[in-house]
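Notes for the structure review
Chain residues, written in single-letter form:
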Amino acid sequence: MNMIGEEMQPGLSKGAIRIEDVVKIYDPDGAAVMAVDHCSIDIPAGEICMIVGPSGCGKTTLLNAIAGFHGVTSGHIYLDNELLCSPEKPQAEPGSDRIVVFQNGALFPWKTNIDNIAFGPLMAGKLGKKEIYEKARSMMADAGLSGTENSYPGEVSSGLRRRVEIVRALMNDPKVLLFDEPYRALDSLTKSVMHEALLDIYYKNKVTIFFITHDLEEAIFLGHRLIIMTSRPCKPKKIVDVDIPHPRDYSVLTSPRFREIMNEAKGVVNEEAKKAFDAGEREG
Amino acid sequence: MSQADVTGLGLTMFRISSWLKSPKPYLMVTGFMLLLATWYFTVEVWKLPRFQDMPGITEVFSEWFSKDPYYGLSIYTPEYYKHILISLRRIAYAFCLATVLGVPLGLFLGWSKTIRDFIFPLFEVFRPIPVLAWVPLAIIMFSGSETPVIFLTFLASFFATTLNTMLGVESIDESYSRAAYCLGASRWQTFKHVVVPGAMPYIFTGLQISIGVAWFSLVAGEMVSGQYGLGYLINTAYMMIEYPKIIIGMITLGVIGYSTSALVRLAGDYMMQWRVRELALGDN
């Protein structure tokens, strides 16, 4: 795989997500709560698409619908023109073409790092055990995880854990990685290391990234595009293209263009955060 | 020290050596000495009212370790070991049966809502009935003197194991099973690789409780039914006014009960290396 200096990964044909007019209404105790309101987003294959919005705005609802953890009330979601869910088939089947990297991390603490990474292919049963572990070992080496194969997730730093989790996802050749604010619990130094590591992994693997965050700096540094969401019910409010070429490194953060985009996005984000705050949404 | 190289045994040794360096063992010895001294002074030196009929510490220990015991029971008489072995055998039967039935039942209760709605209400009604209330029914239902005792012992263990296992399944963070589905695991694979190991810490807490209540119900059972066993020994010694034998039986129960508990804990540590290592890391 070659490094690409341009906007997107050219020639990537799998992993396009189309969200069409999706509505999600929760009805837990008779009082219908609208979490997602007629939301349409088109994500081309290979894009890093950052979904930015205040906490509790319904971004995760959208992610869960794509992953197949719960259904949609109306609207359609397609992956590469194949229907994932619609009103007729409200809940998508979870599968290894769309893998979630969870907010608090979901490595199995009872499996060693390498067993975690080998989990997906072992369950699929298509490859031999030896082959799977060889692949796992080499992918771990690529991600700088050599030496931690036989440690348990609880024994390594949280930064390493996140990396193991991403490698666990990539082992399955997913089309899309869905990130649910995976770095929110990390300190800012670890976070910046993780961002560069994630980009590094992205340059080596052809995937589409759907990344939820409320950290604007993170969003601009990583993303091709920011989709700034309104506070609950959530739908796109403004789309910001980040025209800073990839591959990026941390020098980008101090570039004038970065500041400009930051300024452009910040006003919109703050407005929504304030609305969410006024509406009594907790900042969790 | 690389954590990955630490085996279960090495970790146990490390724990023991750091335990010896802490004040804990010396406080523990002091605690025992205080108890024994209180016993000695209240019964044999001060002869406090209500204490004068109690067997004294010197009497009990000289009887216990006598080659020619006055009441016919010491560490040199085969009868002593017969009582211990028979009690242990009943515990083994009851505890194993409770584990073999309770753990799978608890797993399914926690895993399937249908099974839970079906069985759990029954469970909730039976659980608060004290073991002693079952004594007459146990004697009517089961023939011989052995099975009623084993049944009573089993009963309390079974409820503790099942309930804790069920709680264990409920305690598992939803992201783990979601992650497993994402990685392509089937429902059954998720049960095997997520639910069972995820519930393991609670299962072993349940087994700790289970072995404790097993001894409790065993002694109750042996006092009303059956021949031989430590509960039987204590009860008959009371009837025959052989008071030192009561104390010998009680201390033996304490020591053996503690040992079986420790064995269960050891088995838990062995089966949950990941947890032992995490906790060990937390201590440092």
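Note that the structure is a prediction, hence the values are computed from the model and not measured.

1. Considerations on the interface of chain A and chain B
With 26 residues of chain A at the contact, the number on the chain B side is 22 residues. Summing both partners gives a buried area of about 2300 Å² for chain A against chain B, and 70% of it is carried by carbon and sulfur. The largest contributions to the chain A side of the interface with chain B come from A:Trp110, A:Met123 and A:Glu155, which together make up 31% of the buried area. Taken together, the connections running from chain A to chain B amount to one salt bridge. Contributions of two or more residues to the side of chain A that touches chain B are made by strand 6 (98–101), helix 2 (113–124) and helix 4 (158–170) of chain A. Of the residues in the side of chain A that touches chain B, the class split is 14 nonpolar, eight polar and four charged.

2. Section: the domain arrangement of chain B
All names here are of chain B. Annotation of chain B at the domain level lists domain 1 (1–54) and domain 2 (56–275). The C-alpha-based centres of domain 1 and domain 2 are spaced at 24 Å. Listed as interface residues are 10 residues of domain 1 and, on the opposing side, nine residues of domain 2. Summing the contributions of domain 1 and of domain 2, the shared interface buries around 730 Å²; its carbon and sulfur component is 64%. Between the two partners, domain 1 and domain 2, sit zero salt bridges.

3. Some thoughts on the packing of helix 4 (residues 78–111) of chain B against helix 7 (residues 146–171) of chain B
The geometry of a pair of packed helices is captured by two quantities: the angle between their axes and the separation between those axes. All names here are of chain B. At their nearest, the axes of helix 4 and helix 7 sit 6 Å apart, and the two run at 35 degrees to each other. The element helix 4 and its partner helix 7 pack so that their crossing is right-handed. Residue composition of the contact of helix 4 with helix 7, grouped by class: 18 nonpolar, nine polar and three charged.

4. So, the sheet that holds strand 4 (residues 74–79) of chain A
All names here are of chain A. Reading across the sheet, the four strands line up as 2-1-4-5 and stay open at both edges, with antiparallel pairing between neighbours. Only two strands of the sheet have a single partner each, and these edge strands are strand 2 (33–43) and strand 5 (82–85). If you compare each strand with its neighbour and ignore which way they point, the axes differ by 30 degrees on average. Helix 1 (residues 59–67) rests against strand 1 (17–26), strand 2, strand 4 and strand 5 of the sheet, and its axis sits at about 115 degrees to strand 1.

5. Examining the nonpolar core
One finds A:Ile77, A:Phe210 and A:Leu226 to be the most contacted residues of the largest nonpolar core, which totals 137 residues. Aside from chain neighbours lying at most four places away, what touches A:Ile77 is A:Ile17, A:Arg18, A:Ile19, A:Val22, A:Ala65, A:Ile66, A:Val72, A:Glu82, A:Leu83, A:Leu84 and A:Cys85. The next biggest cluster of nonpolar side chains, apart from the first, holds 19 residues, and it includes B:Ala138, B:Ile150, B:Ala156 and B:Leu163.

6. A short note on the packing of aromatic side chains
One pass over the structure, following the stated rule, counts 30 aromatic pairs over all chains. Ring centres of B:Phe61 and B:Trp64 lie 5.6 Å apart, and the angle between their planes is 55 degrees; on these two criteria the pair is classed as tilted. On the criterion of helical spacing, the pair formed by B:Phe61 and B:Trp64 is a turn pair, its members being three residues apart in helix 3 (residues 57–64). The interplanar angle of 20 degrees and the centroid separation of 6.2 Å between the aromatic rings of B:Phe120 and B:Phe123 together place this pair among those described as stacked. In this pair, B:Phe120 and B:Phe123 both sit in helix 5 (residues 113–126), three residues apart, roughly one turn of the helix. You'll find B:Phe120 and B:Phe123 in the same group, each marked buried. Three or more aromatic residues joined by ring pairs make a cluster, and in this case those are A:Phe108, A:Trp110, A:Phe119, B:Tyr176 and B:Trp274. Directly above the ring of A:Tyr78 sits A:Arg18, whose terminal nitrogen or CZ lies 4.6 Å from the centroid. Against the face of A:Tyr26 rests A:Lys24, its NZ or CZ located 5.2 Å from the ring centre.

7. Focus on the pairing of strand 9 (residues 225–229) of chain A
Residue and element names in this part refer to chain A. Counting buried positions along strand 9 gives five out of five residues, so the element sits mostly inside the fold. Of the two faces of strand 9, the one carrying Arg225, Ile227 and Met229 and the one carrying Leu226 and Ile228 are both buried. Of the strand pairs in this sheet, strand 3 (residues 48–52) and strand 9 are connected by four bridges, and their pairing is parallel. Directly across from methionine 50, in strand 9, lies its bridge partner leucine 226. Here five bridges tie strand 9 to strand 10 (residues 236–241), and the two strands are oriented antiparallel to one another.

The rules behind these values
Residues numbered from 1 in each chain as written. Chains lettered and ligands numbered in written order. Predicted model: local features only at pLDDT ≥ 70, side-chain atom pairs only at ≥ 80, totals over all residues. Heavy atoms only, no water. Contact = heavy atoms within 4.5 Å. Buried area = accessible area lost by both parts, 1.4 Å probe. Salt bridge = Lys/Arg side-chain N within 4 Å of Asp/Glu carboxyl O. Helix = DSSP H or I, 4+ residues; strand = E, 2+ residues; numbered from the N terminus. Nonpolar A, V, L, I, M, F, W, Y, C, P; charged D, E, K, R; others polar. Domains from an automatic or database assignment. Axes fitted to C-alpha atoms, helices over the stretch in contact; angles between N-to-C directions. Left-handed = near helix turned anticlockwise from the far one by under 90°. Pairing = 2+ DSSP bridges. Core = buried A, V, L, I, M, F, W, Y, C linked by side-chain atoms within 4.5 Å. Buried < 20%, exposed > 50% of the residue type's maximum accessible area, 1.4 Å probe, protein only. Phe/Tyr/Trp six-rings, centres within 6.5 Å; stacked < 30°, edge-to-face > 60°. Lys NZ or Arg CZ within 6 Å of the ring centre and 35° of its normal.

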